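Examination of the molecular architecture
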Amino acid sequence: MSSETSPQSPERKPRVAVVFGGRSSEHAISVVTAGAVLRAIDRAKYDVLPIGITTDGRWALTADDPERMTIADRSLPSVEQLTDSADGGVLLPVTPASREVVYTEPGAVPKALGEVDVVFPVLHGPYGEDGTLQGMLELAGIPYVGAGVLASAVGQDKEYMKRVFTSFGLPVGPYVVIRPREWENDQAGARKKIVDFAAEHGWPLFVKPARAGSSMGITKVDDLSGLDEAIAEARRHDPKILVESLLRGREIECGVLEFEDGPRASVPAEIPPVSAHDFYDFEAKYIDSASGIVPAPLSEEETRRVQELAVEAFEAASCEGLVRADFFLTEDGEFVINEINTMPGFTPISMYPRMWQETGVEYPELVDRLVQAALRRSTGLR
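Residues numbered from 1 in each chain as written. Predicted model: local features only at pLDDT ≥ 70, side-chain atom pairs only at ≥ 80, totals over all residues. Heavy atoms only, no water.

**Remarks on the side chain of T342**
Tracing the sequence through the fold places T342 in the loop between β16 (335-341) and α10 (351-359). Setting aside residues up to four positions removed in sequence, T342 forms contacts with E129, A147, A151, S152, G155, C319, L322 and V323. (Helix = DSSP H or I, 4+ residues; strand = E, 2+ residues; numbered from the N terminus. Contact = heavy atoms within 4.5 Å.)

Here it is as structure tokens:
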């Protein structure tokens, strides 16, 4: 790239492409997250290019209109609502030799949209948060916010996330995995595997997609009668499912953010029981606006311990940029890590920005720190 277009050049501001939407069941939440980022990013410091990915995978040039990227009257937004063309597409560069973004429409001359210095991918779930987009950006040589290919893949697949945590000595709860071929080849055997797990650890169980987020596809199962329906719901989101036992205790979350001197943990938050919901599901998180308690009412020792574990989880999975780590504080006073999110929600009610706000990092500074951390990193092996 020429000196005239270098991110460090005084002639122009760094250009940030905010990429959102996507093909996963978390499409709408990604749109809401992007709206919050677009609203907060410092336009005096950065040029911004919003790029939406439709539910069928088309990369679209979208309106820079955060007010249309919200949940209104329980109605979820989509990328399709934000683009004027049903056919136009955005093409990112495919080699490190250029960072030029191009817009194309059938029958029209391709239009250059300028170079991109960093991508802020606010995609949740498969085809965006799972390492697929990160791999594409690595091939193109474009820096990006958040975890790299390996950490993104580990953070998306709850089975391998737990295996990594276990190998690093982090405490995880009991679980069993049903892989696609197990269910397709021997449903009775797969069902027995779950029933045997329940016999050892007790009911209720939580049946969930192994590679989804935002509490999509999760069912609390109190006995055998609800098992098949729960499996079908989880498999609607992912052919691989995870079954976990109930851990009795408090739900505690902690944010991790990459600073110049390394990762630091936020004050933790607590997710209190939601009376209208069996657990902290999608409706509770995003529709009914369930509120977490920030900071969590923990002792100094408990706060210190969960912050240590959150940073350890960040390092164990080789994360970069940011992570929200979710824990249970069990009745015997031990923290058990449930999962990490390498691109946690940034909606106005999301816990990650709320925890950092309470820690002293306001939302615009949080966005800026993430972009600056990405600009400091190179792509490729690091």
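**Quick word on the environment of P126**
Checked against the element boundaries, P126 lands in the loop between β7 (118-121) and α2 (132-140). Under the relative-accessibility criterion, P126 is labelled partly exposed at 22%. Along the primary structure P126 and H237 are separated by 111 residues, whereas in three dimensions their C-alpha atoms are 9.8 Å apart. (Buried < 20%, exposed > 50% of the residue type's maximum accessible area, 1.4 Å probe, protein only.)

**A look at the pattern of salt bridges**
All told, the structure shown has 31 salt bridges when counted by the stated rule. One salt bridge in this structure joins R369 and E260, with 3.3 Å as the shortest N-O distance. Of the two residues, R369 sits in helix α11 (residues 363-376) while E260 sits in the loop between β12 (249-259) and β13 (262-265), which places them 109 residues apart along the sequence. Taking the relative accessible area as the measure of exposure, E260 reaches 59% and is therefore exposed. One salt bridge in this structure joins R304 and E301, with 2.3 Å as the shortest N-O distance. On the criterion of helical spacing, the pair formed by R304 and E301 is a turn pair, its members being 3 residues apart in helix α9 (residues 300-316). On the basis of relative accessible area, R304 is assigned to the partly exposed category, the value being 35%. One network of salt bridges, in which partners are shared, links E138, E258, E320, R377 and R382. (Salt bridge = Lys/Arg side-chain N within 4 Å of Asp/Glu carboxyl O.)

**So, the packing of helix α3 (residues 149-156) against helix α4 (residues 158-167)**
Contact pair α3 / α4: the axes reach a minimum separation of 5 Å and the direction vectors enclose 110°. Judged on the interaxial angle alone, α4 and α3 are roughly perpendicular. On α4, the residues that touch V154, G155 and Q156 of α3 are K158, Y160, M161 and V164. Its residues assigned to classes, the contact of α3 with α4 comprises 4 nonpolar, 2 polar and 1 charged. (Axes fitted to C-alpha atoms, helices over the stretch in contact; angles between N-to-C directions. Parallel < 35°, antiparallel > 145°, perpendicular 65-115°, else oblique. Nonpolar A, V, L, I, M, F, W, Y, C, P; charged D, E, K, R; others polar.)

**Considerations on the packing of aromatic side chains**
What the rule picks out here adds up to 5 aromatic pairs. Judged by centre distance (6.4 Å) and plane angle (90°), the rings of F120 and F346 are edge-to-face. With F120 in strand β7 and F346 in the loop between β16 and α10, the pair connects residues that are 226 residues apart, well separated along the chain. Note on accessibility: F120 and F346 belong to one class, buried. Each ring, one from F259 and one from W356, has its centre 5.9 Å from the other, and the planes form 50°; the classification is tilted. Of this pair, F259 sits in strand β12 while W356 sits in helix α10, and the two are 97 residues apart along the sequence. In this structure, F259 and W356 share a single accessibility class: buried. Joined through ring pairs, the aromatic side chains of F120, F346, Y352 and Y363 make up one cluster. Its end group placed over the ring of Y175, K162 keeps NZ or CZ at 5.6 Å from the ring centre. (Phe/Tyr/Trp six-rings, centres within 6.5 Å; stacked < 30°, edge-to-face > 60°. Lys NZ or Arg CZ within 6 Å of the ring centre and 35° of its normal.)

**Brief notes about empty space enclosed by the protein**
Within the structure shown, the criterion is met by 3 cavities of 30 Å³ or more. Estimates place the volume of the largest cavity at around 70 Å³. Lining the largest cavity are E26, E129, G155, Q156, K158, M161, A212, G213, E339, I340 and N341. Looking at the lining of the largest cavity, the elements that each hand over two or more residues are α3, α4 and β16. Residue contributions to the lining of the largest cavity peak at 3 residues, all from β16. For the lining of the largest cavity, the residue count by class is 3 nonpolar, 4 polar and 4 charged. By volume, the second largest cavity amounts to about 50 Å³. For the second largest cavity, the full set of lining residues is P121, L123, G128, E129, Q134, V145, G146, A147, S152, T342 and M343. (1 Å grid on protein atoms, 1.4 Å probe; cavity = no way out; pocket = protein on both sides within 12 Å on 5 of 7 lines; lining within 4 Å. Points joined across faces, edges and corners; volume = space filled by probe spheres on them.)

**What to know about the nonpolar core**
Proteins that are soluble and globular tend to have nonpolar side chains buried together. V16, V18, F20, V37, F120, V145 and F346 are the most contacted members of the largest nonpolar core, which has 34 residues in total. Elements represented by at least two residues in this core include exactly β1 (15-21), α1 (27-40), β7, β12, α10 and α11. Leaving out residues up to four positions away in the same chain, F120 has contacts with V16, A17, V18, V19, V37, V145, V367, L370 and V371. (Core = buried A, V, L, I, M, F, W, Y, C linked by side-chain atoms within 4.5 Å.)

**A closer look at the pairing of β13**
Examined bridge by bridge, β12 and β13 share 4 bridges and lie antiparallel to one another. By the bridge assignment, E258 is partnered in β13 with P263. If you look at the hairpin formed by β12 and β13, you'll find 2 residues sitting between the two strands. (Pairing = 2+ DSSP bridges.)

**Here's the deal with helix α7 (residues 227-235)**
For α7, the full list of buried residues reads L227, A230, I231 and A234. All buried residues of α7 lie within an arc of 100° about the axis, which places them on one face of the element. If you follow the buried residues of α7, they end up packed against α5 (180-185), α6 (187-201), β9 (205-209), β10 (219-221) and β11 (241-245). (Arc of directions from axis to C-beta.)

Take it as geometry only, folks, not as evidence of what the structure does.
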